[in-house]
Amino acid sequence: MARGARLWLSGLALVLATGLACAFTAAERSRVLAHGPWPPAPALDPGNAWAGRPESVALGQRLFFEPRLAPDARLACASCHLPSQAFADGQARSHGRSELDRNAPSLWNAVHQRWWGWDGAADSLWSQALRPLQDPRELASTPAHLRRLLAGDADLACRWRRSFGAPPPDDDDALLVLTAKALGAFVGSLVSATTPFDRFRDALARADAVAAARYPAAAKRGLQLFVGRGRCHLCHAGPLFSNGEFGDTGAL
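What this report covers is the structure whose coordinates are included nearby. (Residues numbered from 1 in each chain as written. Predicted model: local features only at pLDDT ≥ 70, side-chain atom pairs only at ≥ 80, totals over all residues. Heavy atoms only, no water.)

**What to know about the overall build of the protein**
Okay, so step 1: Helix and strand counts for the protein come out as 11 helices and 0 strands.
Okay, so step 2: Start at the N end of the protein and walk to the C end: the helices and strands fall as α-α-α-α-α-α-α-α-α-α-α.
Okay, so step 3: Against the compact-globule benchmark of 18 Å for 252 residues, the protein has a radius of gyration of 24 Å, which places it well outside the compact range.
Okay, so step 4: In terms of its C-alpha atoms, the protein occupies a principal-axis envelope of roughly 80 × 50 × 30 Å.
Okay, so step 5: When each of the 252 residues of the protein is scored for burial, the buried share is 38%.
Okay, so step 6: Put simply, 61% of the contacts in the protein that link residues at least 6 apart link residues at least 24 apart.
Okay, so step 7: A distance of 11 Å separates the average location of the 28 positive side-chain charges in the protein from that of its 23 negative side-chain charges. (Helix = DSSP H or I, 4+ residues; strand = E, 2+ residues; numbered from the N terminus. Rg over C-alpha atoms; globule rule 2.2 N^0.38 Å. Buried < 20%, exposed > 50% of the residue type's maximum accessible area, 1.4 Å probe, protein only. Contact = heavy atoms within 4.5 Å. Lys, Arg positive; Asp, Glu negative; His and termini not counted. Charge placed at Lys NZ, Arg CZ, Asp CG, Glu CD.)

**Section: the pattern of salt bridges**
Okay, so step 1: According to the stated counting rule, one finds 18 salt bridges in the structure shown.
Okay, so step 2: One network of salt bridges, with partners in common, ties together R62, E66, R68, D153, D155 and R159. (Salt bridge = Lys/Arg side-chain N within 4 Å of Asp/Glu carboxyl O.)

**Description of the environment of A203**
Okay, so step 1: Take A203: it is sitting in helix α9 (residues 196–205).
Okay, so step 2: For A203, a relative accessible area of 0% translates into the label buried.
Okay, so step 3: Along the backbone, A203 and G250 are 47 residues apart, and their C-alpha atoms lie at a distance of 38 Å.
Okay, so step 4: The contacts of A203, once residues within four sequence positions are left out, are D208, A211 and A212.

**Some remarks on the packing of helix α3 (residues 54–64) against helix α8 (residues 172–187)**
Okay, so step 1: The geometry of α3 relative to α8 is characterised by a closest axis approach of 7 Å and an angle of 100° between their N-to-C directions. The angle between α3 and α8 places the two elements in the roughly perpendicular class. On α8, the residues touching S56, V57, L59, G60, Q61, L63 and F64 of α3 are T179, A182, L183, A185, F186 and V187.
Okay, so step 2: Among the residues forming the contact of α3 with α8, the class breakdown is 9 nonpolar, 4 polar and no charged. (Axes fitted to C-alpha atoms, helices over the stretch in contact; angles between N-to-C directions. Parallel < 35°, antiparallel > 145°, perpendicular 65-115°, else oblique. Nonpolar A, V, L, I, M, F, W, Y, C, P; charged D, E, K, R; others polar.)

**Structural notes on the side chain of H112**
Okay, so step 1: Within the secondary structure layout, H112 lies in the loop between α3 and α4 (125–128).
Okay, so step 2: In this structure, H112 is in contact with P40, A41, P42, A43, V191 and L240, ignoring residues within four places of it in sequence.

**Some points on unusual backbone geometry**
Okay, so step 1: Cis peptide bonds are those with omega within 30 degrees of zero, and the linkage from G36 to P37 qualifies with 0°.
Okay, so step 2: Mapped onto the fold, P37 is located in the loop between α2 (26–33) and α3.
Okay, so step 3: The omega torsion of the bond from W38 to P39 falls at 0°, within 30 degrees of zero and hence cis.
Okay, so step 4: Of note, P39 is situated in the loop between α2 and α3.
Okay, so step 5: If you check the backbone angles, A73 has positive phi at about 60° while not being a glycine.
Okay, so step 6: Among the structural elements, A73 can be located in the loop between α3 and α4.

**Remarks on the packing of helix α6 (residues 143–152) against helix α7 (residues 154–164)**
Okay, so step 1: Orientation of α6 relative to α7, taken along the N-to-C sense of each, is 100°, at an axis distance of 5 Å. In terms of orientation, α6 lies roughly perpendicular with respect to α7. Of the residues in α7, those in contact with L149, L150 and G152 of α6 are A154, L156, A157 and W160.
Okay, so step 2: Grouping the constituent residues of the contact of α6 with α7 by class yields 6 nonpolar, 1 polar and no charged.

Okay, structure coming up:
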């Protein structure tokens, strides 16, 4: 009986493996595998010597959720980049002190991007924080206000020293840059967890038919279209499902 069960299980495994192999062509399978593995190799923000440092990440997190970054304590970075909304806001256009030109993009995996901002105006994660910090429609902060905030809050002052090894600088530009780099260190730590697709992709890579069978049939059909005749993968490439470039769709 035991021998018969083993033979039956072996036959089932063969059927499942055959079904897995037939679900995708060799070319499609190669394209699916190119969308991983996840997470990708760690990335650090260009030009930010404090990226990845726990003290700077902790300071940046504190600043990210701090409404007193704004002089009237009305807005924080998290006012538009809500954790509950994938660090976006779900709005057609974000609302700071007034309606903005665009909505807040998700910050998940932002450190792995090539450009930042919908228009690619920033070429590093930390430098993109300079604009919303100072924009009168958003936080509307100033170096003088940041200096008063850091001097008047013992916890923030302590975290600043732990991160940078010195008190806030007297130079206005240096103060803004270091504030942005702390924010960039925190945002750079936001890497999303694996998804059902990632688990399917990994099962496909190791030819694990049992694990791959857990992926819904409808999702497999959509994936086959995505990497097949739909040719979606030509732009939505790699682990991030993006080629990191801009495309003209003809929409105004």
